[in-house]
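# Coordinates in review
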Amino acid sequence: QHNIKMSKEVNQVNINMWSRGSEYTHRYDTCRPTPPAVIKDVVTQIIGHAPDQIIDIGSGTGLSTRFWGEVCQSAKVTGVEPNDDMRKQAEQSTPDKSRIQFVAGHSGDTKAADNSADVVSYSTCLHWMNPAVTFPEAGRVLKKGGLVISIDHNFTPMISPAVDKIHDAFMAPIKKRAEDSVLVGLERRHESGHVQRMVESGQFSHVRQVYVHSAETGDSERLVGYILSQGHVASILAGGVSQEELGVPKLRKDLEEAMGQGKKWTWFWSYTLTIAVK
């Protein structure tokens, strides 16, 4: 059970998909990438000043919320997350709560005041959200001249051709199973439609995309954890399929052979920033 009341426009199946306890949320928190710091520079230049109030919707385990708190040191940052397990992990992983807080809410009901935010952020999550309630809510809480930003990274970091082949071989049947509605009622909208949906919402005066990149390091075990945190895999695991049935032991073995046990590689990430100004 979740401690917030959901509107009929919000898909409870999408929210429940991430309810799998502390082991999963810890993996998500430690294996997913952190957004690149240059995003702060992009946002600051567009709105004309460093943001004072940031609302991070679909904040999950708080990775993106803590990112905003670190790069915008004077801002108050609120993470809005409907899933109890994710929000609990976020609170546990965030030592500085003087400027960062997490609240139970969703993209259609952020609990924020009208005209209160400089930035409304969605980090690799907007594709799960219903635009019919998401963008009017963003328009309500944004100040004039404020912006929404959807931060979406490519699903596989560039590590090596061998790693690409192993990942693609593992994911091909997984994507097919996910598309066959492993979880009945699961909704996902492709990132390629973000611009059109923002424009069609009528909430924004200007919409465009910017591309940035970042580099991190990680070993084969982190990569396995990252793959298990992806939406397609998460939806199947939430439907009751075991890791053994999915072939995770073979994935782990193949990646360890390709990358070396415990050896850290540079991971190159590409990001698409979809930005809309009120």
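Let me sum up the structure you'll find in this document.

Analysis parameters
Residues numbered from 1 in each chain as written. Predicted model: local features only at pLDDT ≥ 70, side-chain atom pairs only at ≥ 80, totals over all residues. Heavy atoms only, no water. Helix = DSSP H or I, 4+ residues; strand = E, 2+ residues; numbered from the N terminus. Buried < 20%, exposed > 50% of the residue type's maximum accessible area, 1.4 Å probe, protein only. Contact = heavy atoms within 4.5 Å. Areas by Shrake-Rupley, 256 points an atom, 1.4 Å probe, with all protein chains shown as cover. Lys, Arg positive; Asp, Glu negative; His and termini not counted. Salt bridge = Lys/Arg side-chain N within 4 Å of Asp/Glu carboxyl O. Polar contact = N/O pair within 3.5 Å; in protein donor to acceptor, adjacent residues only side chain to side chain. Core = buried A, V, L, I, M, F, W, Y, C linked by side-chain atoms within 4.5 Å. Axes fitted to C-alpha atoms, helices over the stretch in contact; angles between N-to-C directions. Left-handed = near helix turned anticlockwise from the far one by under 90°. Nonpolar A, V, L, I, M, F, W, Y, C, P; charged D, E, K, R; others polar. Pairing = 2+ DSSP bridges. Phe/Tyr/Trp six-rings, centres within 6.5 Å; stacked < 30°, edge-to-face > 60°. Lys NZ or Arg CZ within 6 Å of the ring centre and 35° of its normal.

Looking only at helices and strands, the chain features 12 helices and seven strands. Of all 278 residues assigned to the chain, the portion counted as buried reaches 53%. Long-range contacts, defined as pairs at least 24 residues apart, comprise 82% of the intrachain contacts of the chain with a sequence gap of at least 6. In the structure as shown, the chain presents an accessible area of about 12400 Å², 50% of it carried by carbon and sulfur atoms.

Further remarks concern the side chain of Glu81. With respect to the element layout, Glu81 can be found in the loop between β2 (76-80) and α5 (84-92). At 6.0 Å, Arg87 is the nearest oppositely charged side chain to Glu81, a buried residue that forms no salt bridge. In this structure the side chain of Glu81 is engaged in a polar contact, spanning 2.9 Å, whose partner is the backbone nitrogen of Asn83.

Further remarks concern the nonpolar core. Counting residues in each nonpolar core, the largest one holds 46 residues, and the members touching the most others are Trp68, Ile149, Leu223, Ile227 and Val233. Among the elements that take part in this core, strand β7 (residues 265-277) stands out by supplying six residues, more than any other. Not counting residues within four places of it along the chain, the set of residues in contact with Ile227 comprises His167, Phe170, Met171, Val233, Leu251 and Leu255. Val120, Met129, Val141 and Val148 belong to the second-largest nonpolar core, a separate cluster that totals 19 residues.

Before going further, it helps to examine the pattern of salt bridges. A complete count under the given rule lists 10 salt bridges for this structure. When salt bridges with common partners are traced through the structure, they connect Asp114, Glu137 and Arg140 into a single cluster.

On to the packing of helix α9 (residues 220-229) against helix α12 (residues 248-259). It is at 9 Å that the axes of α9 and α12 come closest, and there the two elements cross at 145°. Note on packing geometry: the crossing formed by α9 with α12 is right-handed. Residues Ser220, Glu221, Leu223, Val224, Ile227 and Leu228 of α9 form the contact with α12, whose participating residues are Val248, Leu251, Arg252, Leu255, Glu256 and Met259. For the contact of α9 with α12, the class distribution of residues is eight nonpolar, one polar and three charged.

Let us now look at the sheet that holds β2. Two orientations exist for strands paired in a sheet by backbone hydrogen bonds: parallel and antiparallel. Here seven strands make up an open sheet; going across it, the order is β3-β2-β1-β4-β5-β7-β6 and the pairing mixed. Looking at strand neighbours, the two that pair on one side only are β3 (100-103) and β6 (206-218), the edges of this open sheet. Neighbour to neighbour, the strand axes of the sheet diverge by 20° on average, direction disregarded. With five bridges connecting them, strand β1 (residues 53-57) and β2 associate as parallel partners. Bridge pairing in β2 places Asp56 opposite Gly79. Packing against the sheet, helix α3 (residues 38-47) makes contact with β4 (117-123), β5 (142-153), β6 and β7, and its axis sits at approximately 155° to β5.

Quick look at the environment of Gly145 now. By secondary structure assignment, the location of Gly145 is in strand β5. Here the alpha-carbon distance between Gly145 and Ile46, two residues 99 residues apart in the chain, equals 8.6 Å. Those residues in contact with Gly145 that sit more than four places away from it in its chain are Ile47, Val277 and Lys278.

Further remarks concern the packing of aromatic side chains. Taken as a whole, this structure holds four aromatic pairs when the rule is applied. Through a chain of ring-to-ring contacts, the aromatic side chains of Tyr226, Trp267 and Trp269 assemble into a single cluster. Over the ring of Trp267 we find Arg222; its NZ or CZ atom is 4.6 Å from the centre of that ring.

Among all residues except glycine, the phi angle is most often negative; among peptide bonds, the trans geometry is most common. Residues other than glycine seldom take positive phi values, yet Lys111 does so here, at roughly 70°. If you trace the backbone, Lys111 turns up in the loop between β3 and β4.

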